[in-house]
Protein chains: 2
Amino acid sequence: MVSKRNKKLLENLENIGNKVIKDFEKNKNPTIKIPSRTLSNVYFDEKKGMLALGDKMIDRNYFNLSQAKKFMQTLLIASKLKEVLQKGNTVGLRQLFYMSKHTLEGLEENTFDNQDESDPVVEDIEGLLDALREELGIFAATKGKMAGPLKIRDKGDLINTSKLGSSGYGIPSIVEDHAIQLEDHDAKFILVIEKEQMWNRLNEDKFWKKHNCIILTGKGQPARGDRRMVRRLHEELKLPVYVFTDMDIWGYYIYSVYKQGSINLAHFSTKAAVPDAKFLGFKTSDIKRFDIPKEHWIKMNKGDLKRIREIKDYDWFKNDKKWQKEFKALVKFGHKIEQDALVAKGIEFTSKDYLPVKIKEKDWID
Amino acid sequence: MVSKRNKKLLENLENIGNKVIKDFEKNKNPTIKIPSRTLSNVYFDEKKGMLALGDKMIDRNYFNLSQAKKFMQTLLIASKLKEVLQKGNTVGLRQLFYMSKHTLEGLEENTFDNQDESDPVVEDIEGLLDALREELGIFAATKGKMAGPLKIRDKGDLINTSKLGSSGYGIPSIVEDHAIQLEDHDAKFILVIEKEQMWNRLNEDKFWKKHNCIILTGKGQPARGDRRMVRRLHEELKLPVYVFTDMDIWGYYIYSVYKQGSINLAHFSTKAAVPDAKFLGFKTSDIKRFDIPKEHWIKMNKGDLKRIREIKDYDWFKNDKKWQKEFKALVKFGHKIEQDALVAKGIEFTSKDYLPVKIKEKDWID
C-alpha cells in the first residue's frame, strides 16, 4: 500500500518522465530543468538567517553530447527511486548506486562507474522534487546519538531516550516524520556537543537529568540526519539549541553548520538549519574565566589560521560584530582548546561547573 | 564506594607504585616489567585458535636516559587510572591524555605532547595488570550497532534490542559485565555484517525477527567494544557466529579479526576472539550460484593483490586448505564484489534469498 505522502512523491517522480515523453512527442529536445547547486547559486538569506539556493536552473538536454549521459542517469535514478517508494522500503546510497549500475546492451558503456556519479544525481532530484532523499527512502551512514527526557517513536517502536544506558539513541539517517515521531518530552533545551567523548562523559554524569535537557552529538561534522533531528527538536518541541564545541575554527564552523547550514548542501538548510542556535563555547573569554592551564593550549598551525581568514568573511559571519571580535581574539590567542581538556579540570567539571554557569548566565554568542 | 572488582584493580595499580618504592629503598634501579607487544612477541596459538602474546617482557628503567620519560609516563597514567577507578567514573582516551598532560615544574618539558604517547602506555598497563582498559573505565570512540530478540541491561537500564526501530542498539565502548549484562534472549545465532548499509537493509526487513537472530555490524573494521560484544554473545548465550562481509581481502581480514584477533591487539584476543566464527560469504562460489552480473564486479587493484599475498601467509590462514583455495579463486577471479551489490538483485534479495539459503545449507568456511 502506497501512503498519501509517497503517492504525491511518486506523481512528481512520474512527471519528470512524462515531461520527457511530451518533449519527444512534440519533437522538442527533451529537457530536465534542475536547480543549480553551484557556489554561484548559493546565497545567505539574511532574513531567514540561513543558506539558500537561488533561482538559477540548469537545463539537462537529451540531444547534447556533453549532457546525454547525465540526462540518462537522471531518469535512471528517478526510476529506481520510484521503485523504492512503491515498495515502501529504504535503501542506502551505495545500494542505489548498484541498483542503477548496469552495462548498456550491446555496448561496453556503464550507466554509472562510481558512486561519485550517482550521489550528485540524487541531490539533483532532491532539487527537482523539492524533497529530501530521506523522504524518498534513501539513507546514508549514521553518526550522531542523543539522550534525554524524550520519547521517540521510531518505525513503530516507542523509545525512551532517557532509558538507553551508556549507549543513547543512535540517530538514524532517515528521521523524517513519516519514520520518526517525537512524543512526550520534559526537556527545556537541547545541548549539541561536538565530540563523542564529551557526550559520553556528560551522559555518564546524567547531565540531561539534572538539567532537563536533551544532549546530542554529531561526532564532529554531523550527518544530515543529526542536523535534521536538531531542527525537528527545536521546531516541534520549541526548545532552544545551545552548541558546545572545541575552541577552534573547526568547532566554530560546525556550530555554523547547525545554525545556517553548509554551502554544499544549501538546499538542505530550509529543512535543517536552526538560525536561533546559540554558541555556548568553548570561547576565548572562557580561558581566563575557567583558568585553562597553558599546557592544555594547542598551538594553531597555518591551516587553522587560513581557515579563520576564510570563514570570518563568510556572509553570515562578516557583518556580525560579536563573531568578528571572537575571531580576532582567537587569532591573537594563537592557540586552540579542546572540549576534552576540560576533563583535566576535574572529571565532572564540565557537567557540574562549566556548563551550568554558562547556561545560567547566558554566556553565549547568538 | 569502591566495588570489589575495582578494589582488586586498585590494589594491582598500587602494586606498580609499591614495587618502584621498594626498588628505591633497596637502592636498586626502579624497574617496571611490561609484556612486550612487538610483532616478535605475537604468535598464533593453534590450540586456542587465536592470536596471543608470548612471554617476552621488557624492562622499563628509571635510571636509563632513553627510558626515564616512558617510565614516568607509565606511573603517571597508572595514577590517573587509579583516580578514575576510585571515583567510579569513566573517561575517554583523549580525556585521559589531558588529565595526564602537564608541564614539569621549573622545566619546559611536558609529560605528554600527543595522545600517540599516552594511548600505548594505556595498553602497556593493560598488559601489566592483565586487565582491559574498559575494565579500568577508559572508553574510546564507538562504532557498531545491533538488533534482535535480546534484552540488555546497560548501566541499570533494561533495553530490548528488538524495540529500537531503525536505530538499533549502539554498542558502547565499554561492554564489560560490570557495565552491561545480557538478560533474556530468544536468538539462535549471531549474524555479523561488515557494512552498515547492509545492516540497515536487514534491520528494515526484520531479518532478526524472521530468523530469530541478532544482527550486528562493526561498520567496517570493528571497534574493541563491538568485538568484545560478539564474544560475550557467543560465549554467554552459547550462540554460533556467522560473519558476512564483502567478497574482497579487506572483508576476509575483518572476518579474521572477529575470529582470531588482530596483530596489534594480540593481548585483546583472549577476551574478544571467537575461534568458532564461520565465514558465510560473500565468497567466490557465490558468484555463479547467485548470478552476480559482471557489471557489479569491481576490478582488483595492485593494493588488493598485495594484501592477498600477505594475508594468505598469515599463520592462521596458511595451513588452512579451504582458505588457501578461496584465496586462489579470488586471485583468479580478479574482481571484488560488495555486499551492497546484492541489493541490485532485489531490495529484499539478501534477507529473503541469499542469507536463508546460505545458513540452511551451512555454506560457509569455518
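Scroll up to find the structure this text is about.
Rules behind the numbers
Residues numbered from 1 in each chain as written. Chains lettered and ligands numbered in written order. Predicted model: local features only at pLDDT ≥ 70, side-chain atom pairs only at ≥ 80, totals over all residues. Heavy atoms only, no water. Helix = DSSP H or I, 4+ residues; strand = E, 2+ residues; numbered from the N terminus. Expected span 1.5 Å × (residues − 1). Buried < 20%, exposed > 50% of the residue type's maximum accessible area, 1.4 Å probe, protein only. 1 Å grid on protein atoms, 1.4 Å probe; cavity = no way out; pocket = protein on both sides within 12 Å on 5 of 7 lines; lining within 4 Å. Points joined across faces, edges and corners; volume = space filled by probe spheres on them. Nonpolar A, V, L, I, M, F, W, Y, C, P; charged D, E, K, R; others polar. Contact = heavy atoms within 4.5 Å. Buried area = accessible area lost by both parts, 1.4 Å probe. Salt bridge = Lys/Arg side-chain N within 4 Å of Asp/Glu carboxyl O. Polar contact = N/O pair within 3.5 Å; in protein donor to acceptor, adjacent residues only side chain to side chain.

All names here are of chain B. In this model, helix H7 (residues 224-236) (13 residues) spans 18 Å end to end at C-alpha, consistent with the 18 Å of a helix rising 1.5 Å per residue. Within H7, eleven of the 13 residues are buried, which leaves it mostly tucked inside the rest of the structure. By the burial criterion, the buried members of H7 are Arg224, Gly225, Asp226, Arg227, Arg228, Met229, Val230, Arg231, Arg232, Leu233 and His234. Looking one or two places after H7, you find lysine 238, whose phi comes out positive at around 55°.

Space left empty within the atom packing is revealed by a probe, the size of a water molecule, rolled over the atoms. Following the criterion strictly, the structure yields three cavities of 30 Å³ or more and no others. Computed from the structure, the largest cavity encloses a volume of approximately 190 Å³. Classifying every residue of the lining of the largest cavity gives four nonpolar, ten polar and six charged.

Every contact between the two is made by 52 residues of chain B and, on the other side, 52 residues of chain A. Across the interface of chain B and chain A, roughly 4,300 Å² is buried in total on both sides, 47% from carbon and sulfur atoms. Counting the contacts that link chain B with chain A gives four salt bridges. In this structure, lysine 155 of chain B engages glutamate 204 of chain A in a salt bridge whose closest nitrogen and oxygen atoms are separated by 3.0 Å. The tally of links from chain B across to chain A stands at 40 residue pairs in polar contact (both at pLDDT 80 or more). Going through the elements one at a time, helix H2 (68-87), strand E5 (91-92), helix H3 (93-100), strand E9 (157-160), strand E10 (169-170) and helix H5 (196-204) of chain B are the ones with two or more residues in the side of chain B that touches chain A.

Residues and elements named next belong to chain A. With 20 residues, helix H2 (residues 68-87) ought to run about 28 Å at 1.5 Å a step, and its terminal C-alpha atoms sit 29 Å apart, in line with that. Every buried residue of H2 is accounted for by Phe71, Gln73, Thr74, Leu76, Ile77, Ala78, Lys80, Leu81, Val84 and Leu85. The first or second residue beyond H2 is glycine 88, which carries a positive phi of 70°.

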